[in-house]
Amino acid sequence: MIALRTIDLRNDFKRVSEIINSGEKVLIARPKNQNLVVLSEKDYNELEKAKRNAEYLEKIDRSVRQIAEGKVIIKTTEELEGMAK
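Residues numbered from 1 in each chain as written. Predicted model: local features only at pLDDT ≥ 70, side-chain atom pairs only at ≥ 80, totals over all residues. Heavy atoms only, no water.

Caption draft 1: Looking closely at the sheet that holds strand β1 (residues 2-5). Within the open sheet, the 3 strands sit side by side as β1-β2-β3. Their pairing is mixed. Of all the strands in the sheet, just β1 and β3 (36-38) have a single pairing partner and so form its edges. Along the sheet, successive strands turn relative to each other by an average axial angle of 30°, direction set aside. Contacts from helix α2 (residues 13-21) reach β1, β2 (26-29) and β3 within the one sheet, and its direction differs from that of β2 by about 140°. (Pairing = 2+ DSSP bridges. Helix = DSSP H or I, 4+ residues; strand = E, 2+ residues; numbered from the N terminus. Axes fitted to C-alpha atoms, helices over the stretch in contact; angles between N-to-C directions. Contact = heavy atoms within 4.5 Å.)

Structure, rendered in structure tokens:
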């Protein structure tokens, strides 16, 4: 990760953008520790996908725990079909 000051980003945005698009993440140092991290859309999308996958896996783990604890409701096919009407 590359660390820059806000002024560096403003003065050379094109070069910094190229660095970011090459896969590098850039930390923009700001006063009072209100720093920012800039990353490419591709990297952002990968992070979002990983987050969604982690949330999905947690739901599966919770379901498995509920099954192991016997917290299930059993329905017949007929009962389920009746619920859909």
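Having put the structure on the table, let's press on.
Caption draft 2: Up close: a nonpolar patch on the surface. Together, Y56, L57, I60 and V64 make up a nonpolar patch on the protein surface, roughly 400 Å² of accessible area in all. Tracing the chain through its elements places I60 in helix α3 (residues 41-68). (Patch = residues over 30% accessible without salt bridge, like charges linked within 9 Å, V, L, I, M, F, W, Y side chains within 5 Å. Areas by Shrake-Rupley, 256 points an atom, 1.4 Å probe, with all protein chains shown as cover. Salt bridge = Lys/Arg side-chain N within 4 Å of Asp/Glu carboxyl O.)

Caption draft 3: Focus on the pairing of β2. The two faces of β2 differ: V26 and I28 on one face are buried, but L27 and A29 on the other face are not. As judged from the 4 bridges shared by β1 and β2, these two strands associate in the parallel manner. The partner of A3 across the bridge, within β2, is L27. Sheet analysis places β2 next to β3, joined by 3 bridges and oriented antiparallel. Counterpart to I28 in the pairing with β3 is L36. Here β2 folds back onto β3 in antiparallel fashion, the turn holding 6 residues, of which K32 has a positive phi close to 55°. (Buried < 20%, exposed > 50% of the residue type's maximum accessible area, 1.4 Å probe, protein only.)

Caption draft 4: Quick peek at the side chain of D43. Turning to its location among the elements, D43 is positioned in helix α3. For D43, the residues in contact, after removing those within four places along its chain, are G23 and K25.

From the geometry alone we can't say anything about function, so treat these as descriptive.
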